[in-house]
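Architecture at a glance
Single-letter residue listing:
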Amino acid sequence: MSGGSAFWIMGLLKDKVALITGAARGIGKAIALRFASEGAAVAFTDLVIDDTALSTLKEIEALGVKAKAYASDASKFEAAHEVVEKVREEFGRIDILVNNAGITRDTLMLRMEEGQWDAVINVNLKSAFNFIHAVTPIMSKQRGGSIISMSSVVGEAGNAGQCNYSASKAGLIGLTKSIAKEMGPRGIRANCIAPGFIISDMTAAMPQEVRDAWIKTIPLRRGGTPEDVAGVALFLASSMSSYVSGQVINCCGAMAC
């Protein structure tokens, strides 16, 4: 890559403000750091602002951008609206929303309890509704914005033992496509990222033999990293994707293609 190209890549999100849910660790953290490295001011939420979240905040600030962490339950409608208003007051605008908050409560349907279903739907899907509902008036006034929601390859293909998770991630795809159609006239884009097997705290909890077997099904023969997903998020957040909306971009090493 020439020096001129490298210079062009730097600062892709200069003067932009990004709000990322569930970003104290994992994929959300990687996205926050990647956005900050490209010049974006970063606000992020997590259920509690503990030592892990504060450590992430310091890493973001070390990149020379404004950053702030907010304790919030993304699944709660009023809490989401309160955080969005605080971010607007603190940062002046919101250009990018990343709906990253997510949990798993895996079990077979015959064993699944109502609480396991409700928890996953509320955190993974309702949280996206909550935050989209809160940010779209702001983005509408700005006549632009990028909304990125973290779906999954199992939201497209399903997976045994993950009916609740798959349903929540499939719901994000439908929500995203609808928002893209509704908000497009106001200059707001909406897209999904569908990660495959990503090395994270969630996948680390799986038995090693399960992880090894899964990796064998991936043509690239490795699990993805949070940084792999962050690269796709940067594309969708920046002007490089200015004519991309209503799409699902798989980040899965050709696992689902």
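This is a predicted model, so every value here is computed, not measured.

What follows concerns the overall build of the protein chain. Per the secondary structure count, the protein chain includes 10 helices and seven strands. Relative to the globule expectation of 18 Å for 257 residues, the C-alpha radius of gyration of the protein chain, 18 Å, shows essentially globular dimensions. If one aligns the C-alpha atoms of the protein chain with their principal axes, the spans along those axes are about 50 × 45 × 40 Å. Relative to its 257 residues, the protein chain shows a buried fraction of 47%. Sequence-distant contacts, at least 24 apart, represent 74% of the contacts inside the protein chain between residues at least 6 apart. Of the charged side chains in the protein chain, 26 are positive and 25 negative; the average position of the first set lies 6 Å away from that of the second.

For sheets, the rule is that strands pair by backbone hydrogen bonds, running either parallel or antiparallel. What the seven strands build is an open sheet, ordered E3-E2-E1-E4-E5-E6-E7; its pairing is parallel. What marks the edges here is a single partner per strand, and that holds for strand E3 (67–71) and strand E7 (248–251). Averaged over all pairs of adjacent strands, the angle between strand axes in this sheet comes to 15 degrees, irrespective of strand direction. As judged from the four bridges shared by strand E6 (residues 188–195) and E7, these two strands associate in the parallel manner. What sits directly across from Ala 194, in E7, is Asn 250. Of the strands in this sheet, strand E1 (17–20), strand E2 (41–46), strand E4 (96–99) and strand E5 (145–150) are in contact with helix H2 (residues 26–37), which crosses E1 at around 175 degrees. The sheet strands contacting helix H5 (residues 114–142) are E1, E2, E4, E5 and E6, and the helix crosses E4 at an angle near 175 degrees.

Its boundaries defined by the atoms lining it, the second largest pocket holds a volume of some 240 Å³. Every element with two or more residues in the lining of the second largest pocket is listed here: helix H6 (154–157) and helix H9 (208–216).

With that out of the way, let us pick up the pattern of salt bridges. Evaluated as defined, the whole model comprises nine salt bridges. Linking Lys 68 and Glu 90 is a salt bridge whose minimum nitrogen-to-oxygen distance equals 4.0 Å. Placement of the pair is Lys 68 in strand E3 and Glu 90 in helix H4 (residues 77–91), with a sequence separation of 22 residues. Overall, the relative accessible area of 35% leaves Lys 68 in the partly exposed class. With a shortest N-O distance of 3.0 Å, Asp 228 and Arg 222 are connected by a salt bridge.

Even without a glycine there, the phi angle at Arg 143 is positive, about 60 degrees. As for its position among the elements, Arg 143 is in the loop between H5 and E5.

It is worth spelling out the confidence of the model for the protein chain at this point. Confidence in the prediction for the protein chain averages 94 pLDDT; 96% of positions are at 70 or higher. Contacts of residues 1–8 to residues separated by more than four positions or lying in other chains number three contacts, the stretch itself having pLDDT below 50.

Thresholds applied
- Residues numbered from 1 in each chain as written.
- Predicted model: local features only at pLDDT ≥ 70, side-chain atom pairs only at ≥ 80, totals over all residues.
- Heavy atoms only, no water.
- Helix = DSSP H or I, 4+ residues; strand = E, 2+ residues; numbered from the N terminus.
- Rg over C-alpha atoms; globule rule 2.2 N^0.38 Å.
- Buried < 20%, exposed > 50% of the residue type's maximum accessible area, 1.4 Å probe, protein only.
- Contact = heavy atoms within 4.5 Å.
- Lys, Arg positive; Asp, Glu negative; His and termini not counted.
- Charge placed at Lys NZ, Arg CZ, Asp CG, Glu CD.
- Pairing = 2+ DSSP bridges.
- Axes fitted to C-alpha atoms, helices over the stretch in contact; angles between N-to-C directions.
- 1 Å grid on protein atoms, 1.4 Å probe; cavity = no way out; pocket = protein on both sides within 12 Å on 5 of 7 lines; lining within 4 Å.
- Points joined across faces, edges and corners; volume = space filled by probe spheres on them.
- Salt bridge = Lys/Arg side-chain N within 4 Å of Asp/Glu carboxyl O.
- pLDDT = per-residue confidence, 0-100.

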